[in-house]
Amino acid sequence: TESLGPRRARLSSVAMSEVEATLQRINGHKGVLGTIIVNEDGEAVRATTVCDKNGVPVADQNAVVKQMADLLPALASMARNMVRDLDPSNDLRFLRIRSKDHEIMVHADTEFTLIVIQNPAAAE
């Protein structure tokens, strides 16, 4: 797992060793191409090497991680608002986006957003 710059994760309720163990477990699943943790400020605080659909690391890791950290929490927030608009007693817990080349799973929490990128063909 790589640390992104001098930023520190502010995961107050979760010990960093548990976070690392969870990331390793997630990355051990078949077809996982990368994981990113984004803090409540929208900064990527942890990321594994992100790979393309063939499992080859993408050339510009920082750009890909930044793009996903910028876009996916906002999309999850919009989806959460839509779910609440439809039913105020409900809440979005998990967002799954599937394209031809990737499946992106997003878990948004109050303190962090977990993004998992995987190859949808590998999961079938």
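About the criteria used
- Residues numbered from 1 in each chain as written.
- Predicted model: local features only at pLDDT ≥ 70, side-chain atom pairs only at ≥ 80, totals over all residues.
- Heavy atoms only, no water.
- Helix = DSSP H or I, 4+ residues; strand = E, 2+ residues; numbered from the N terminus.
- Buried < 20%, exposed > 50% of the residue type's maximum accessible area, 1.4 Å probe, protein only.
- Areas by Shrake-Rupley, 256 points an atom, 1.4 Å probe, with all protein chains shown as cover.
- Pairing = 2+ DSSP bridges.
- Contact = heavy atoms within 4.5 Å.
- Polar contact = N/O pair within 3.5 Å; in protein donor to acceptor, adjacent residues only side chain to side chain.
- pLDDT = per-residue confidence, 0-100.
- Core = buried A, V, L, I, M, F, W, Y, C linked by side-chain atoms within 4.5 Å.

Tallying secondary structure elements over the protein gives 2 helices and 6 strands in all. The order of helices and strands in the protein, counted from the N terminus, is β-α-β-β-α-β-β-β. The buried share of the protein, taken over its 124 residues, is 40%. On the protein, roughly 7400 Å² of surface is accessible, and the fraction owed to carbon and sulfur atoms is 53%.

Turning our eyes to something else, we now look at the pairing of strand 4 (residues 95–98). Pairing between strand 4 and strand 5 (residues 103–108): 4 bridges, direction antiparallel. By the bridge assignment, arginine 96 is partnered in strand 5 with methionine 105. If you look at the hairpin formed by strand 4 and strand 5, you'll find 4 residues sitting between the two strands.

Mapped onto the elements, glycine 34 comes out in strand 2 (residues 32–39). When the C-alpha positions of glycine 34 and asparagine 119 are compared, they lie 9.9 Å apart, and in sequence the two are 85 residues distant. Apart from the residues lying within four places of it in its own chain, the contact partners of glycine 34 are Asn27, Thr48, Thr49, Val50, Ile115, Val116 and Ile117.

We now examine the side chain of asparagine 119. Position of asparagine 119 among the secondary structure elements: in the segment after strand 6 (112–118). Asparagine 119 sits in the buried class, given a relative accessible area of 16%.

On the secondary structure map, arginine 46 appears in strand 3 (residues 44–47). Residue arginine 46 is classed as buried on the basis of its relative accessible area, which comes to 18%. For arginine 46, the side chain forms a polar contact with the side chain of glutamate 20, separated by 2.3 Å.

So, on to the confidence of the model for the protein. Averaged over every residue, the pLDDT of the protein is 85; residues scoring 70 or more account for 85%. Looking across the protein, the model is least confident in strand 1 (residues 2–3), with a mean pLDDT of 48, and most confident in strand 4, with 95. Contacts of residues 1–12 to residues separated by more than four positions or lying in other chains number 28 contacts, the stretch itself having pLDDT below 50.

Turning our attention to the environment of asparagine 62. On the secondary structure map, asparagine 62 appears in helix 2 (residues 61–86). Since its relative accessible area comes to 57%, asparagine 62 is described here as exposed. Between the C-alpha atoms of asparagine 62 and alanine 44, which are 18 residues apart in sequence, the distance is 9.6 Å.

So, about the nonpolar core. A general tendency of soluble globular proteins is for nonpolar side chains to be buried together. Ranked by internal contacts, the top residues of the largest apolar core, which has 21 residues, are Ile36, Ile104, Ile115 and Ile117. At the level of secondary structure, the elements contributing two or more residues to this core comprise strand 2, strand 3, helix 2, strand 5 and strand 6. The greatest single-element share of this core, amounting to 7 residues, is contributed by helix 2. Contact partners of isoleucine 115, with chain neighbours within four places excluded, come to Gly34, Thr35, Ile36, Val38, Met68, Leu72, Pro73, Ile104 and Met105. Val19, Ile37, Met105 and Val116 belong to the second-largest nonpolar core, a separate cluster that totals 10 residues.

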